[in-house]
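These are the residues of each chain, in order.
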Amino acid sequence: AKESALGPGLRRYEAKLDQQVKRRDQMSRALIKALENDELALHYQPILRGCGGPMLACEALARWHSEEFGFVSPGEFIPLTEGSPHLCRTFTRWVLNQACRAALEWNLGMPHPVAVTINIAGSEFYRQGFVADVEEALITTGLARDLLIIEVTEQTLIQHIDDAVGTLHQLRWRGVRCALDDFGTGYSSLSYLRQLPLDILKIDRSFLDNLAVDKTAQEVTRGIANIGKVLKMDVVAEGIETPEQQAVLRDLGIEHMQGFLWHRPMPLDVLRGALQSA
Ligand code: C2E
Ligand code: MG
Ligand code: MG
Ligand code: MG
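A brief look at the structure comes next. Just so you know, these numbers come straight off a predicted model, no measurement behind them.

Further remarks concern the environment of I224. On the secondary structure map, I224 appears in helix α9 (residues 215-230). Judged by its relative accessible area of 10%, I224 falls in the buried class. For the pair I224 and L201, spaced 23 residues apart in sequence, the C-alpha separation works out to 9.3 Å. Aside from chain neighbours lying at most four places away, what touches I224 is F183, L201, I203 and F207.

At 2.1 to 2.6 Å from the magnesium ion (ligand 3) lie its protein donor atoms, namely D181 (OD), D182 (OD), E238 (OE) and E238 (OE). The sequence pattern describing where the donors of the magnesium ion (ligand 3) fall on their chain is D-D-x55-E. The metal-metal distance between the magnesium ion (ligand 3) and the magnesium ion (ligand 2) comes to 4.0 Å, with D181 coordinating both.

A contiguous nonpolar patch, built from L10, Y13 and L17 and spanning about 300 Å² of accessible area, is present on the exposed surface. Turning to its location among the elements, L17 is positioned in helix α1 (residues 2-36). A relative accessible area of 37% means that L17 is categorised as partly exposed.

Let us look at the pattern of salt bridges. For the structure shown, the criterion picks out 14 salt bridges. Three or more residues are tied together by salt bridges with common partners; here these are R89, R93, E124, R127 and D133.

Here we take up helix α2 (residues 74-82). Within the sequence span of α2, burial applies to F77, L80 and T81. Angular distribution of buried residues about the axis of α2 spans 100 degrees; they occupy a single face of the element.

To continue, consider the site of ligand 1. Looking at ligand 1, there are 22 residues lining it, with R63, N119, D181, E241 and F260 nearest. In the model, an oxygen atom of ligand 1 is placed 2.8 Å from a nitrogen or oxygen of the R63 side chain. A distance of 2.9 Å separates an oxygen atom of ligand 1 from a polar atom in the side chain of N119. In isolation ligand 1 offers 800 Å² of accessible surface; the protein chains occlude 80% of this area. Contributing elements (two or more residues each) for the shell around ligand 1: β2 (55-66), α2, α3 (85-107) and β6 (177-183). No other element matches the four residues that β2 contributes to the shell around ligand 1. When grouped by side-chain class, the residues that make up the shell around ligand 1 number eleven nonpolar, four polar and seven charged.

Rules used throughout
Residues numbered from 1 in each chain as written. Chains lettered and ligands numbered in written order. Predicted model: local features only at pLDDT ≥ 70, side-chain atom pairs only at ≥ 80, totals over all residues. Heavy atoms only, no water. Helix = DSSP H or I, 4+ residues; strand = E, 2+ residues; numbered from the N terminus. Buried < 20%, exposed > 50% of the residue type's maximum accessible area, 1.4 Å probe, protein only. Contact = heavy atoms within 4.5 Å. Donors = N, O, S within 2.8 Å, 3.2 Å for Na, K, Ca; no water. Patch = residues over 30% accessible without salt bridge, like charges linked within 9 Å, V, L, I, M, F, W, Y side chains within 5 Å. Areas by Shrake-Rupley, 256 points an atom, 1.4 Å probe, with all protein chains shown as cover. Salt bridge = Lys/Arg side-chain N within 4 Å of Asp/Glu carboxyl O. Arc of directions from axis to C-beta. Near = heavy atom within 4 Å. Polar contact = N/O pair within 3.5 Å; in protein donor to acceptor, adjacent residues only side chain to side chain. Nonpolar A, V, L, I, M, F, W, Y, C, P; charged D, E, K, R; others polar.

This is the structure we're talking about:
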């Protein structure tokens, strides 16, 4: 009796897994086509100096509107690129080139420079030849080196910390800055953090939960910001949505901020307008 109860359930489970694998497969193929057919776009979200001051940089965030699947979030399609070395490299080179060209353009005639930050997945960051691809994008687009910032998550860095130190140094020698993204979620030890040539520390959005009312959360956040400052990094809080969060973060001494409170990620032509009025 037990077996017959398990049987259909297991089959349903298998069928569901099967469907998921199929969807992933179809989506991967669609993504390759999307790259060829310009179905992908980068949106840009400003990171502001001080509390709502001028822009320090804009973060490039990938968007995919697929004919077949509709809007697919980066949370779903970035892992697909990580499954295939070729797709991963093609995607990263596309992001690098788009982002560098965009930043070159938006800096024309700007009174103060606004850098571009791009997100790099672990499979790309640790790939032989990644730094060479960054170099190539800088040379072909002509973007000033100090206007490119590479964001890697703490999760990525702790995977292979020794290799990570090497790649970060290579990027720094080339004049490219690096940011540690989603900091506070990866359990990296402080002794490692001290060895890493990082320029920017982005405090993960999860630290904002309850921040306005929870004194302990405030002290933890202050501690993280202080670590960044002692290590001479620019500290950025990301994901700020309310004036209350902004006020608390300002009181905690956080210098730079990013979030829907000021700007959502936007297409390049909308960003142009925002830059003009900034
Ligand atoms: P991330 O790099 O930590 O980016 C921040 C995410 O938070 C973005 O989601 C952004 O739209 C969202 N966000 C910004 N401000 C707020 C806010 O005030 N409230 C809330 N609720 N959300 C906010 P998005 O664009 O969906 O990207 C998710 C993740 O996907 C990114 O996290 C990044 O890890 C990855 N990703 C996006 N584009 C790329 C890319 O071109 N390459 C790679 N490798 N990863 C990417
Ligand atoms: Mg990021
Ligand atoms: Mg982040
Ligand atoms: Mg994130």
